[in-house]
Each structure stands twice: as C-alpha cells, then as structure tokens.
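Report on the structure
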Amino acid sequence: NQLLLTLKQTWKVTPTSFGIVGHSLGCGTAERSGDDSWIRVCLAGFPSSRGNGSKCLFVGSTNDGAVSVNRALSVLSDNNYVSLEEDRIRTMMAEGRQLPTLPPKASLIFTGADAPNHISFLSEETNDAMVDFLSPLLPVARSLKIPVLDFDLYQLSRDSRACGDVVVPLVVGYLKQ
C-alpha cells in the first residue's frame, strides 16, 4: 500500500485500474492486496477465492513439485473459473493470432510430461543463475529426495523460455483487457 501511496502522492500517477501478479507464496499477497476491482494473476501457487466481482487468472502445472495443483482444483471449481485449453492457446500463439477476451476468472493448467515445474514460471536468467549457484548441491538433494523448490528439476528441463512464451502473452493480454 505504501508503494501505491508514493506513486499517487509523490509521483502524481493517476491509475485507472490496478493489477497484481503473484508467484508461489506471492499469490497470497495478490489475494490480500487491494479490493475486488483489482485484476489478479496467480502463478504456481493458489488461485484467488475472492467474490464473484473479482477477476483472477490462475496458471499452474501438474509438474509443480512445490505447490500441488490438486490443492487448487476445488477453489477453481467453487469459484467458477473457466478452464483454458493449453493446446488451443499454444496454437493461437504459434499462428500469431491474438487471444480472445478471457473470462473474468480463468485458469490454465499445464499437463503432460513436459509441463513446467514450480520455477519454470520465473525468468530464464534468474533460474539459470540460481541453478548455477545451487548446482553443487542439486545432485545430492535429488539423490536424497530433498525438495528444493524444483531447482533440481529445472536443472534438467531448462524450460523457462518455453513456459514464458505461453505465460507472458497470456498474462499481459489478461491484464490489458
């Protein structure tokens, strides 16, 4: 709230709408920030359960080893989220077509063996730097089955760019509508 206050009072910014994006535990911040007029995007975390007037795009993955997407399914159903089709979105983007207007509450859940893991939703540069830093420990963590927020999985998949090729235009399009 202090950041918004500074933008309005000090920098004289006069926004006409607000949006917030959260990843993992940041989805809780997105949930608690603002009022129902805010547009929310929750990535690899938990979807918003705010009332019918609120807008939220939830993006998750069946390969998320840190936050099971199964925990979100009842919230998505109970709050009338419309499920988006991964293949349709990928096809439209590959063909250079603009995505249609998305429903106020929409969800995209990546599925399949190549679905993103928990940190695939973050930037490639950030993830690569973290993997480089953690690389001496990741084989040990993998062999001992110690969870490390999927950095061990990302070390093998290196799929942030591919994930971002779908997620970034989807999120930008959602926030702009």
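The notes below deal with the structure included here. (Residues numbered from 1 in each chain as written. Predicted model: local features only at pLDDT ≥ 70, side-chain atom pairs only at ≥ 80, totals over all residues. Heavy atoms only, no water.)

One pass over the full model with this rule turns up 2 aromatic pairs. Measuring from ring centre to ring centre gives 5.1 Å for Phe18 and Trp38, while their planes differ by 20 degrees; the resulting arrangement is stacked. Taken as a pair, Phe18 in the loop between α1 (2-9) and β1 (19-23) and Trp38 in the loop between α2 (26-32) and β2 (39-43) lie far apart in primary sequence, 20 residues in all. Ring geometry for Phe110 against Phe121: centres 6.1 Å apart, planes inclined by 55 degrees, an arrangement best described as tilted. On the criterion of sequence distance, the pair formed by Phe110 in strand β5 (residues 105-110) and Phe121 in the loop between β5 and α5 (124-134) is long-range, its members being 11 residues apart. Residue class for Phe110 comes out buried when judged on its relative accessible area of 0%. According to the relative accessible area criterion, Phe121 is buried, its value standing at 11%. (Phe/Tyr/Trp six-rings, centres within 6.5 Å; stacked < 30°, edge-to-face > 60°. Helix = DSSP H or I, 4+ residues; strand = E, 2+ residues; numbered from the N terminus. Buried < 20%, exposed > 50% of the residue type's maximum accessible area, 1.4 Å probe, protein only.)

Applying the stated rule across the entire model yields 0 disulfides. Looking at the unpaired Cys56, the closest cysteine sulfur is the one in Cys42, lying at 3.9 Å. With no disulfide of its own, Cys163 lies closest to Cys27 among cysteine sulfurs, the gap being 13 Å. The exposure class assigned to Cys163 is buried, which follows from its relative accessible area of 3%. (Disulfide = S-S within 2.5 Å.)

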